[in-house]
Amino acid sequence: MKVIFALTAAGLVLCGGAYAGGAFEAPRPRAGVPYERASGAEIAVGDALVVNGQPMQLSIFYTADSAERVIGFYTTSFLERGLLPVTAAGHVAVFEPKDGLERFVSALPQPSGQTLVLLGITNPRNAPKLLNGAAAAGFPVPSQGRAFLGYRSEDAGARAESGQFVTRQSADEVAAWYRKELGALGFREGASTPGLLGFAKPGATISVGVQALEEKSGAAVFVNRLEGEAVK
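Residues numbered from 1 in each chain as written. Predicted model: local features only at pLDDT ≥ 70, side-chain atom pairs only at ≥ 80, totals over all residues. Heavy atoms only, no water.

Participant: A description of the overall build of the protein should follow, citing residues and the corresponding values.
Facilitator: The secondary structure content of the protein amounts to three helices and 14 strands. The buried share among the 232 residues of the protein stands at 44%. Of the contacts made within the protein by residues no fewer than 6 positions apart, 52% connect residues no fewer than 24 positions apart. Within the structure as shown, the protein displays about 12,000 Å² of accessible surface, and the carbon and sulfur contribution to it stands at 55%. (Helix = DSSP H or I, 4+ residues; strand = E, 2+ residues; numbered from the N terminus. Buried < 20%, exposed > 50% of the residue type's maximum accessible area, 1.4 Å probe, protein only. Contact = heavy atoms within 4.5 Å. Areas by Shrake-Rupley, 256 points an atom, 1.4 Å probe, with all protein chains shown as cover.)

Participant: Break down the pattern of salt bridges for me, citing the residues and quoting the values.
Facilitator: Per the counting criterion, the structure on display carries six salt bridges. Glu227 is paired through a salt bridge with Arg225; the nearest N and O atoms lie 3.1 Å apart. Take Glu227: its relative accessible area is 22%, and that puts it in the partly exposed class. Using a relative accessible area of 18% as the deciding quantity, one classes Arg225 as buried. (Salt bridge = Lys/Arg side-chain N within 4 Å of Asp/Glu carboxyl O.)

Participant: Give me the confidence of the model for the protein: which residues, what numbers.
Facilitator: Residues of the protein with pLDDT of at least 70 account for 69%, and the chain-wide mean is 75. Predicted confidence for residues 1-28 stays below pLDDT 50, and this span has 72 contacts to residues more than four positions away or in other chains. (pLDDT = per-residue confidence, 0-100.)

Participant: So, the packing of aromatic side chains: which residues are in play, and what are the values?
Facilitator: The relative placement of two aromatic rings is captured by the distance of their centres and the angle of their planes. A full pass over the atoms with the stated rule returns five aromatic pairs. Centre to centre, the rings of Phe73 and Tyr74 are 5.2 Å apart; their planes meet at 90 degrees, and the pair counts as edge-to-face. For Phe73, a relative accessible area of 25% gives the class partly exposed. Ring geometry for Phe139 versus Phe148: centroids 6.4 Å apart, planes at 55 degrees, classification tilted. Of the two residues examined, Phe139 and Phe148, each falls in the buried class. (Phe/Tyr/Trp six-rings, centres within 6.5 Å; stacked < 30°, edge-to-face > 60°.)

Participant: Tell me about the pairing of strand E10 (residues 158-167), and name the residues and values.
Facilitator: Side chains on a regular strand alternate between the two faces of the sheet. Taking burial as the measure, the ten residues of E10 include seven buried ones, the bulk of the element. Bridge count between E10 and strand E14 (residues 219-228): ten bridges; the pairing is antiparallel. Bridging across to E14, Ala160 finds its partner in Leu226. (Pairing = 2+ DSSP bridges.)

Participant: So what about helix H2 (residues 67-80)? Which residues, and what values?
Facilitator: In this model H2 runs 20 Å from its N-terminal to its C-terminal C-alpha over 14 residues, within 8% of the 20 Å that 1.5 Å per residue would give. When H2 is considered as a whole, its buried residues turn out to be Ala67, Val70, Ile71, Tyr74, Thr75, Ser77 and Phe78. In an axial view of H2, the angular spread of the buried residues amounts to 160 degrees, which keeps them on one side of the axis. Pointing more than 90 degrees away from the buried face of H2 are the exposed residues Glu68 and Glu80. Lining the buried residues of H2 we find strand E4 (57-63), strand E5 (86-88), strand E6 (91-96), strand E7 (101-109) and strand E8 (115-122). Downstream of H2 by one or two residues, Gly82 has phi in the positive range, about 80 degrees. (Expected span 1.5 Å × (residues − 1). Arc of directions from axis to C-beta.)

Participant: Give a description of helix H3 (residues 171-184) that names residues and reports values.
Facilitator: Along its 14 residues, H3 runs 20 Å from first to last C-alpha, staying within 8% of the 20 Å computed at 1.5 Å per residue. Residues of H3 that are buried include every one of Val174, Ala175, Tyr178 and Leu182, and no others. For H3, the angular spread of the buried residues around the axis is 95 degrees, confining them to a single face. Residues of H3 that are exposed and angled more than 90 degrees away from the buried face: Asp172, Lys180 and Ala184. Those residues of H3 that are buried are in contact with E10, strand E12 (196-201), strand E13 (204-212) and E14.

Participant: I'd like a description of the nonpolar core, backed by residues and values.
Facilitator: Counting 19 residues, the largest nonpolar core has Tyr178, Val208 and Val223 as the members making the most contacts within it. Not counting the four nearest positions on each side in its chain, Tyr178 is found in contact with Pro140, Val141, Pro142, Phe165, Gly183, Phe199, Val208, Val221 and Val223. (Core = buried A, V, L, I, M, F, W, Y, C linked by side-chain atoms within 4.5 Å.)

Participant: So what about the side chain of Ser106? Which residues, and what values?
Facilitator: For Ser106, the position within the fold is in strand E7. Judged by relative accessible area, which is 13%, Ser106 ranks as buried. Only 2.7 Å separates the side chain of Ser106 from the side chain of His91, close enough to count as a polar contact. Not counting residues within four places of it along the chain, the set of residues in contact with Ser106 comprises Gly90, His91, Leu116, Val117 and Leu118. (Polar contact = N/O pair within 3.5 Å; in protein donor to acceptor, adjacent residues only side chain to side chain.)

Participant: I'd like a rundown of the pairing of E7, residues and numbers included.
Facilitator: Of all nine residues making up E7, seven are buried, and the element is well covered by its neighbours. Where E6 lies against E7, six bridges are found, and the strand directions are antiparallel. Across the sheet, Val92 pairs through a bridge with Val105, a residue of E7. Bridge analysis of E7 against E8 gives eight bridges, and the strand direction is antiparallel. What sits directly across from Pro109, in E8, is Thr115. Hairpin connection between E7 and E8: a loop of five residues separates the two successive antiparallel strands, and Gly113 in this loop has a positive phi of roughly 100 degrees.

In structure tokens:
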């Protein structure tokens with residue numbers, strides 16, 4: 001669930017999103033043509049998903065093909081339909097004038113050797129409501145944090161909020177700060193590694209990823225909070 005929330009939020013930053021609440025007409029539109037080398041059927045997820053105030057449609061499947069081959073397949077398919085795709089590493093998006101919707105495909109290599117493929121549909125008429133200020137975040141952010149960008153997701157009874165920023169503090173200083181601040185909020189540290197801290201309390205979890213930048217240049221920080229029915 002955390003992975004789906006994080007990937008969905010990242011897709012929204014690139015594309016925006018809309019589904020449910022009458023945003024799409026039945027039958028359920030597809031992000032692209034079926035992929036012939038999928039391992040199993042396409043799985044619809046997030047029918048009640050809302051990211052940054054916007055409904056979204058999202059599906060996933062796995063394949064043994066590389067991410068490059070998957071993105072190449074969908075890029076060619078969009079071109080054959082007379083559309084103009086925009087591509088980036090592991091991602092392709094296209095706007096279809098016929099229905100006014102934007103479709104995107106993201107392909108992410110997995111440790112198992114397979115590729116996880118996300119198919120999404122967005123409505124560019126609904127601008128995403130990103131959190132541009134750390135003060136609006138649902139988790140503490142150190143005062144030294146700069147360039148904060150946050151986004152929120154909802155799926156039925158589960159809610160997630162993610163944020164990223166950079167700081168002049170070292171990775172160790174950031175980790176010590178979050179241990180103190182989250183401890184004061186009732187969170188207890190669980191499974192952690194030097195680069196990823198995990199905290200939990202009843203009904204909520206927070207993970208903090210810290211990556212050191214160049215020597216004496218501080219750190220990049222990624223925070224994710226998950227709460228609701230999906231958290232035990």
